[in-house]
Amino acid sequence: CNEVVVARQGQQRMHHFSHASQKRPCEVMPESFLHRYAKQVVKESLGLQLPPQPGHLPDSEDQSSWWDFESVKEEPWMGDFRPDMIAELKDGPLLIEFAYTSFVDDQKQALIEQLGIRAVEVDVSDLVVTPSAEGLLELKRAILHDASSKQWLYPPTPVTVVVNEVSNPFVEIIAAQHPNPLPPVRTRYTIQGLWVDVRTLEYGSVAVRSVAYSPLIVDQLKRLARKYSGRYVAKYKNWVFPSWARSLLQQELEALADSDQLVSGSH
């Protein structure tokens with residue numbers, strides 16, 4: 001509410017803050033608080049721990065690295081686009097988006113790609129708000145230093161193409177005669193009694209969709225997205241993963257699937 005608060009540190013009640021004007025306490029919603037607090041700690045710390053930028057190999061066994069910012073601006077307008085934050089670095093800007101219930105959709109993703117500016121999304125949806133000094137410190141640590149909650153929106157993850165050492169002229173002739181890709185094959189898993197569909201998109205990316213809504217399955221898909229650089233596409237209500245994660249996703253979903261419930265077929 002932007003009002004002045006006073007630290008109450010008496011002997012009878014738990015230490016807390018209250019409004020200097022003695023007004024009733026504000027009702028704090030976790031989403032709005034996390035969104036605002038995340039921007040505050042990034043602005044104060046001038047940096048973030050980020051996973052490797054697509055196309056760049058990490059210099060050590062630690063896959064993440066700390067990025068130092070020279071300055072940070074909150075919600076600047078960039079034409080028709082308004083990112084949550086823009087950080088200035090020596091080698092150019094970095095756009096930062098914080099996600100709780102609303103993740104970057106196709107429209108915003110297209111604007112980011114059109115700008116051609118590095119961008120990351122920080123998932124704060126799993127963070128728990130605890131009203132204490134220790135709780136705020138843990139939130140700050142998670143926001144700043146947990147690289148698993150961050151994914152790159154731009155540049156895109158490069159597609160890895162595997163070429164056989166021995167060429168097959170017959171396959172090359174067939175490919176030349178059929179330049180358009182064949183319809184993808186859908187694999188359906190039954191997880192906790194519900195269907196989860198997986199299909200390969202035209203350019204190799206993998207789309208995963210829970211046919212029926214289940215909070216437990218959504219939690220599992222969020223975990224996989226953090227682990228394998230996936231992102232939620234609200235328009236199609238599915239999760240899209242880079243091509244390199246296809247076999248890893250298959251292993252993960254097979255482990256979660258109910259026994260004898262795997263079905264494959266054309267989509």
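In this report, the structure presented in the accompanying data block is examined. None of these values were measured; they are calculated from a predicted model. The written sequence of each chain sets the order in which its residues are numbered from 1. Note on the predicted model: pLDDT of at least 70 is required for a residue's local features to be given, and 80 or more for side-chain atom pairs to be given and counted; whole-chain, interface and lining totals, by contrast, use all residues. Computation of side-chain values covers all heavy atoms of the structure but excludes hydrogens and water.

1. Regarding helix 5 (residues 215-228)
Secondary structure follows DSSP: runs of H or I at least 4 residues long count as helices, runs of E at least 2 residues long count as strands, and numbering of each begins at the N terminus. In this scheme, a helix's expected span is set at 1.5 Å multiplied by one less than its residue total. End to end, helix 5 covers 20 Å across 14 residues, agreeing with the expected 20 Å (1.5 Å per residue, within 8%). All of the buried residues in helix 5 are Ile217, Leu221, Lys222, Leu224, Ala225 and Tyr228. One side of helix 5 carries all its buried residues, which in axial view fall inside an arc of 165°. Note on helix 5: the residue one or two positions beyond its end, Ser229, has a positive phi of about 60°. Type-normalised accessible area, obtained with a 1.4 Å probe on protein chains alone, sets the label of each residue: buried when under 20%, exposed when over 50%, and partly exposed for intermediate values. The directions considered for the arc are those from the helix axis to the C-beta atoms.

2. What to know about the pattern of salt bridges
Salt bridge, as applied in this entry: a Lys or Arg side-chain nitrogen positioned within 4 Å of an Asp or Glu carboxyl oxygen. Summed over all chains, the structure comprises 12 salt bridges. Arg82 is paired through a salt bridge with Glu75; the nearest N and O atoms lie 3.8 Å apart. The exposure class of Glu75 is partly exposed, given its relative accessible area of 28%. Through salt bridges with shared partners, a single ionic network connects Lys39, Lys43, Glu74, Glu75 and Arg82.

3. Brief notes about the sheet that holds strand 9 (residues 150-154)
Taken in spatial order, the 5 strands make up an open sheet running 5-6-7-8-9, and their pairing is mixed. Sheet topology places strand 5 (71-74) and strand 9 at the edges, where each strand pairs with a single neighbour. Direction aside, the axes of adjacent strands within the sheet are offset by 25° on average. Any two strands between which DSSP finds at least two bridges are classified as paired. Looking at chain direction, strand 7 (residues 92-99) and strand 8 (residues 118-123) are connected through 6 bridges and run parallel. What sits directly across from Ile96, in strand 8, is Val120. As a rule, the C-alpha atoms of each element are fitted with a line to give its axis, helices using only the stretch in contact, and angles between N-to-C directions run from 0 to 180 degrees.

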